[in-house]
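For reference, the chains in residue letters:
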Amino acid sequence: MILLPNQLRYFLESVIPSYTMPEITCDEDLPKLLNTPTKQVKRAKKLILKHLGSAVDRVDRPPMQGMFSRTLFLILKDKREIVHQFRTEPLDLNAFKIARQALGSIVPDATALEDEELLAQGVWAYSFNLLPGEMWFRGISGKWAQGRIAINKSLGRVLSKGCLANNSDEAVDGRIRSHLEALLASSEDDVKPYQHQLQSFVDKLEQLKELPLWVAHYDLNEVNVLIDEDCNVTGLVDWELSTPLPFGICFGRIHTYAGEYSGGEFCVPDEFEDAERAFWHELFDGMPTEIRRKLKDEMNLVQDAVILGTLLDCFSLENGKVIVSKVAKKALPKLLTYQIPFIRGQGPPYRD
């Protein structure tokens, strides 16, 4: 098992929503045919040769492993650089395809490597082209304030290409409506104080359909964003569980892009507003002109969508079960006072 730094371990355990797939805390959590590094490498080489048509020249391990996979970095004889994963649940590769079509090569190209013996043991294998850059939390070291601003600016520019359709009818009638209904029906004590607000969003669902449908990453965070030495975003990884959402709802995590959680508390660093404004302005400046004009006429609706996204991120839904983010719940009263720059003008981002 690769141990994570204490700060990152806390982040992963308390901020990232709980998934339903079995966690892999060590190699022994995998079936016998994969329960040692040697077995994993041997199987990966066999699968790569069969499906990608090249032998493996070099095998490396990442600086840290995910909670639901075992990963290898491979350099093939034909010089391709590949990320290979063994996972304990299948991935929806359509999520990667949709994101890659909209955002381009910043999203990895994902390929399933079918293997009947693995499937019989409840394991799925995948390959992804290796994207350049380092994880946000590592690459920003020594560049804290200016780095955060640069990352947010670049992230806004990247996500500005995410428009998929002029309206969000299917996303609202499907995912958003069912999520809200599940929260309203929930007996969770943590949800009850927000039921009136949740109901108000149910009443606005028809309006939310008017927002463009946008690429949305289910779990965009300091691990899944890759950056270069200048803190420009070079890759967005781990698109599993992601589905398109109405514009604004997909940016409910703006708080954690420009701010951070530390010791269980949400912190607003001095550079927060510069970073947050950079994100929004790049996002709007980079999108198609007709979409930008439409959104500027519906800015109050965009504001509502961002707050709804913040609520849904705190109270996520997994297989019909409400999952409460412990850290986000603590910060939620403050986060719900957030106003986007186009609404607040020169005022502060959060109201006291």
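On a predicted model such as this, the values are computed, not experimentally measured, just so you know.

Reading guide: rules and limits
Residues numbered from 1 in each chain as written. Predicted model: local features only at pLDDT ≥ 70, side-chain atom pairs only at ≥ 80, totals over all residues. Heavy atoms only, no water. Phe/Tyr/Trp six-rings, centres within 6.5 Å; stacked < 30°, edge-to-face > 60°. Helix = DSSP H or I, 4+ residues; strand = E, 2+ residues; numbered from the N terminus. Expected span 1.5 Å × (residues − 1). Buried < 20%, exposed > 50% of the residue type's maximum accessible area, 1.4 Å probe, protein only. Contact = heavy atoms within 4.5 Å. Pairing = 2+ DSSP bridges. Axes fitted to C-alpha atoms, helices over the stretch in contact; angles between N-to-C directions. Salt bridge = Lys/Arg side-chain N within 4 Å of Asp/Glu carboxyl O. Core = buried A, V, L, I, M, F, W, Y, C linked by side-chain atoms within 4.5 Å. Polar contact = N/O pair within 3.5 Å; in protein donor to acceptor, adjacent residues only side chain to side chain. pLDDT = per-residue confidence, 0-100.

### Re the packing of aromatic side chains
- Enumeration according to the criterion identifies 14 aromatic pairs in this entry.
- Ring geometry for Trp214 against Phe247: centres 4.8 Å apart, planes inclined by 75°, an arrangement best described as edge-to-face. Separated by 33 residues along the polypeptide, Trp214 in strand S8 (residues 213–214) and Phe247 in the loop between strand S11 (245–246) and helix H10 (254–258) bring together distant segments of the chain.
- Aromatic ring contacts, followed pair by pair, group Trp214, Phe247, Phe251, Tyr257, Phe279, Trp280, Phe284 and Phe342 into a single cluster.

### Focus: helix H11 (residues 272–286)
- Over its 15 residues, H11 extends 21 Å from the first C-alpha to the last, a length consistent with the 21 Å expected when each residue adds 1.5 Å.
- Regarding H11, the residues found buried are Phe272, Ala275, Glu276, Arg277, Ala278, Phe279, Trp280, Glu282, Leu283 and Phe284.
- Looking at the buried positions of H11, the neighbouring elements they touch are helix H6 (144–159), H10, strand S13 (265–267), helix H12 (289–296), helix H13 (299–314) and helix H15 (341–344).

### Focus on the sheet that holds strand S10 (residues 233–236)
- Strands sit in the order S6-S9-S10 across an open sheet of three strands; the sheet is antiparallel. Strands at the two margins of the open sheet, each flanked by one partner only, are strand S6 (134–135) and S10.
- As paired elements, S6 and strand S9 (residues 225–227) share two bridges and run antiparallel to each other. The residue of S9 that forms the bridge with Met135 is Leu226.
- Sheet strands touched by H6: S9 and S10. Its angle to S10, the strand with the most contacts, is close to 55°.

### Focus on the pattern of salt bridges
- Under the defined criterion, the tally for this structure stands at 23 salt bridges.
- The closest approach of N and O atoms between Asp115 and Arg43, which form a salt bridge, is 3.1 Å. Taken together, the residues Asp115 in the loop between strand S4 (110–112) and helix H4 (116–120) and Arg43 in helix H2 (residues 37–52) connect sequence positions 72 residues apart.
- Residue class for Asp115 comes out buried when judged on its relative accessible area of 11%.

### Topic: the nonpolar core
- With 79 residues, the main nonpolar core has Leu236, Phe247, Trp280 and Phe315 as its most contacted residues.
- For this core, the element with the most residues is H13, which contributes 10 residues.
- The residues touching Trp280, leaving out its near neighbours within four places in the chain, are Phe247, Phe251, Ile254, Val306, Tyr338, Ile340, Pro341 and Phe342.
- Judged by nonpolar contacts, the second largest core, of 18 residues, contains Ile48, Leu52, Leu72 and Leu74.

### Structural notes on the side chain of Thr337
- Looking at where Thr337 falls in the secondary structure, it is placed in the loop between helix H14 (326–335) and H15.
- Engagement of the side chain of Thr337 in a polar contact is seen with the backbone oxygen of Lys334, the distance being 2.7 Å.
- Of note is the side chain of Thr337, whose polar atom sits 3.2 Å from the backbone nitrogen of Arg351.
- Ignoring sequence-local partners within four residues, the contact set of Thr337 consists of Pro349, Tyr350 and Arg351.

### Digging into the sheet that holds strand S3 (residues 81–87)
- In spatial order, the strands read S1-S2-S3-S5-S4; together these five strands make up an open sheet with antiparallel pairing. Here the strands that pair on one side only, and so sit at the sheet edges, are strand S1 (56–60) and S4. Direction aside, the axes of adjacent strands within the sheet are offset by 30° on average.
- Bridge count between S4 and strand S5 (residues 124–129): three bridges; the pairing is antiparallel. The partner of Ala110 across the bridge, within S5, is Phe128.

### Side note on the confidence of the model for the chain
- Of all residues in the chain, 94% attain a pLDDT of 70 or more, and the chain-wide mean is 92.
- Predicted confidence for residues 1–19 stays below pLDDT 50, and this span has 45 contacts to residues more than four positions away or in other chains.

### Here's the deal with the environment of Leu49
- Mapping Leu49 onto the fold places it in helix H2.
- Counting along the chain gives 27 residues from Leu49 to Leu76, while the straight-line C-alpha distance between them is 9.2 Å.

### Points about unusual backbone geometry
- A positive phi angle, near 65°, is found at Cys231, a position not held by glycine.
- Looking at the secondary structure, you find Cys231 in the loop between S9 and S10.
- By relative accessible area, Cys231 is classed as buried at 2%.
- We note that Asp238 has phi near 60°; this positive angle belongs to a residue other than glycine.
- By secondary structure assignment, the location of Asp238 is in the loop between S10 and S11.
- What makes Asp238 partly exposed here is its relative accessible area of 30%.

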